[in-house]
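# Structural overview
So you can see what is in the structure, the chains are spelled out below.
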Amino acid sequence: MVMINQYLALCWFAVSPLELPRSTRFFKNNLVFNFLIFSFIHFNMTDDIESISEVIIETLLNLGFIALTLLFNRSMHTFIQVASAVLFCENIVAIFLIPIMFWATVSENWWGYGTLGCVLVWVGVMIAAVFKKALRINALAGMVMSLFYFLFSFGGGFAINSFLTG
């Protein structure tokens, strides 16, 4: 619980991922939770068992992007903290995302979709802040990294899965 409270400060941009404790156990727990919650989201959106393979591909691309970025920055020693921070931010947003997605699709009004958009912007900005602080870059570069992260992870996962199953 202590680790969760420390990592929650990321959601309010109050801490750098490099200041957070390094814990492989916390990283693994975040990874498993991330896989389960995104599998749930994908499966409920598509009702297709192939969504599991897409989540696996997305997770591998997610971790690969973080590793490559840190490798090029010569800060690979921070992988556990940065990957834990990114996964934790995604997990927190996913917890809020599930009921908002349900609300948006059931009510079909602009409030639901607007809230969904705000939550997606929030996760983008959180991940941009993680990259900004971890790579010691400016805010604009952090936003670009966040955009590339999402395009590479989720867009790449969709593209690869479509190629493999199509």
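Residues numbered from 1 in each chain as written. Predicted model: local features only at pLDDT ≥ 70, side-chain atom pairs only at ≥ 80, totals over all residues. Heavy atoms only, no water.

So, on to the overall build of the chain. A tally of regular secondary structure across the chain gives six helices and zero strands. In the chain, the succession of α and β elements from N to C terminus is α-α-α-α-α-α. Taking 2.2 N^0.38 as the reference for a compact globule, 166 residues should give roughly 15 Å; the C-alpha atoms of the chain span a radius of gyration of 16 Å, in line with that estimate. Based on the C-alpha atoms only, the size of the chain along its principal axes is roughly 40 × 35 × 35 Å. The contacts in the chain between residues at least 6 apart in sequence include a share of 66% that link residues at least 24 apart. Accessible surface, the chain as shown: approximately 9,200 Å² in total, 73% of it carbon and sulfur. The positive charge centre, built from 7 side chains, and the negative charge centre, built from 8, are 26 Å apart in the chain. (Helix = DSSP H or I, 4+ residues; strand = E, 2+ residues; numbered from the N terminus. Rg over C-alpha atoms; globule rule 2.2 N^0.38 Å. Contact = heavy atoms within 4.5 Å. Areas by Shrake-Rupley, 256 points an atom, 1.4 Å probe, with all protein chains shown as cover. Lys, Arg positive; Asp, Glu negative; His and termini not counted. Charge placed at Lys NZ, Arg CZ, Asp CG, Glu CD.)

Here the phi dihedral of Phe13 falls at roughly 60°; this positive angle occurs in a residue that is not glycine. Residue position: Phe13 is located in the loop between α1 (2-8) and α2 (24-46). By relative accessible area, which is 36% here, Phe13 ends up partly exposed. Phi at Arg136 is positive, roughly 55°, even though this residue is not glycine. Here Arg136 is to be found in the loop between α5 (110-135) and α6 (139-165). For Arg136, a relative accessible area of 70% corresponds to the exposed category. (Buried < 20%, exposed > 50% of the residue type's maximum accessible area, 1.4 Å probe, protein only.)

Its location among the elements puts Ser23 in the loop between α1 and α2. On the basis of relative accessibility, which here comes to 19%, the residue Ser23 falls in the buried class. Beyond its immediate sequence surroundings of up to four residues, Ser23 is in contact with Met3, Ile80 and Ser84.

A word on the nonpolar core. With 41 residues, the main nonpolar core has Leu10, Ile66, Phe79 and Phe131 as its most contacted residues. A total of 14 residues in this core trace back to one element, the largest contributor, which is helix α4 (residues 79-107). Among all residues touching Leu10, those that are not within four sequence positions of it are Val15, Pro17, Leu20, Ala85, Cys89, Met126 and Val130. (Core = buried A, V, L, I, M, F, W, Y, C linked by side-chain atoms within 4.5 Å.)

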